[in-house]
Amino acid sequence: MKILFFTLSILFANIAISQTHQITKHNGEELDVNFIKAENDLVYYSLNGSAEEHKISKYAVSKITNKQSNQTQKVSDKVIVDSKSDYKFVTVLSQDKTIGLKQVANFSGVSTKTKGEPPIANKNQTAMRIKTQSASNGYPFVSIVEKADGKYEAVAYVY
């Protein structure tokens, strides 16, 4: 009798910790995970048999499918940047929001400084120039790190 209860408890525990969701990334990769939550442009999940929490950028994830109910939740649309005129589709992300995206290029330069313009306008002009450069190369995501000496470094990302 003890063996029967032990066997049943192991069986039900295994079902309870099995992977319940499937994350489909924009690059076609699929991950079998236990979905935890989605907040602050990040998707949190854990792998099978692990309590460790992992995270991935919502921009890298296409959809999350619940395996038990077969419901699909769309997370983000795939951004396609073909030409320089698509600069408005380029998204500027902070470094922590790029998890799961592939780093493809680095470029640097001097921040725009126009006499009489407020600092926010100069920052917007610099971001516009970086987004245009990123779009002309076909990169939909960019992360900008401004340095104290008026220079910047930008990192471009793709799926």
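The rules behind these values
Residues numbered from 1 in each chain as written. Predicted model: local features only at pLDDT ≥ 70, side-chain atom pairs only at ≥ 80, totals over all residues. Heavy atoms only, no water. Salt bridge = Lys/Arg side-chain N within 4 Å of Asp/Glu carboxyl O. Helix = DSSP H or I, 4+ residues; strand = E, 2+ residues; numbered from the N terminus. Buried < 20%, exposed > 50% of the residue type's maximum accessible area, 1.4 Å probe, protein only. pLDDT = per-residue confidence, 0-100. Contact = heavy atoms within 4.5 Å. Pairing = 2+ DSSP bridges. Axes fitted to C-alpha atoms, helices over the stretch in contact; angles between N-to-C directions.

**Thoughts on the pattern of salt bridges**
Scanning the entire structure with this criterion turns up seven salt bridges. For lysine 58, the salt bridge is made with aspartate 41, and the minimal N-O distance between the two is 3.5 Å. Separated by 17 residues along the polypeptide, lysine 58 in the loop between β4 (53-57) and β5 (61-66) and aspartate 41 in the loop between β2 (30-39) and β3 (42-46) bring together distant segments of the chain. Exposure remark for aspartate 41: the relative accessible area of 30% places this residue in the partly exposed category. With its nearest N and O atoms 3.8 Å apart, the salt bridge here joins lysine 97 to aspartate 96. Residue classification places lysine 97 among the buried positions, given a relative accessible area of 17%. On the basis of relative accessible area, aspartate 96 is assigned to the partly exposed category, the value being 40%.

**Focus: the confidence of the model for the chain**
Taken over all residues, the pLDDT of the chain has a mean of 85, while the share at 70 or more is 88%. In this model residues 11-17 is a low-confidence stretch, pLDDT under 50, and it forms two contacts with partners more than four residues away in sequence or in other chains.

**Topic: unusual backbone geometry**
For residues that are not glycine, phi is negative in most cases, and the peptide bond is trans in most cases. Even without glycine at this site, asparagine 40 takes up a positive phi of about 55°. Of note, asparagine 40 is situated in the loop between β2 and β3.

**Points about the sheet that holds strand β9 (residues 141-146)**
Taken in spatial order, the four strands of this open sheet run β7-β9-β10-β8, and their pairing is mixed. Looking at the sheet topology across the chains shown, the edges are occupied by β7 (91-92) and β8 (102-110). Taken together, the two bridges between β7 and β9 define a ladder with parallel strand orientation. Bridge pairing in β9 links threonine 91 to phenylalanine 141.

**Some details on the sheet that holds strand β6 (residues 72-74)**
The six strands are arranged β4-β3-β2-β1-β5-β6 in an open sheet whose pairing can be described as antiparallel. The sheet terminates laterally at β4 and β6, the two strands that pair on one side only. The mean angle between the axes of side-by-side strands here comes to 45°, regardless of whether they run parallel or antiparallel.

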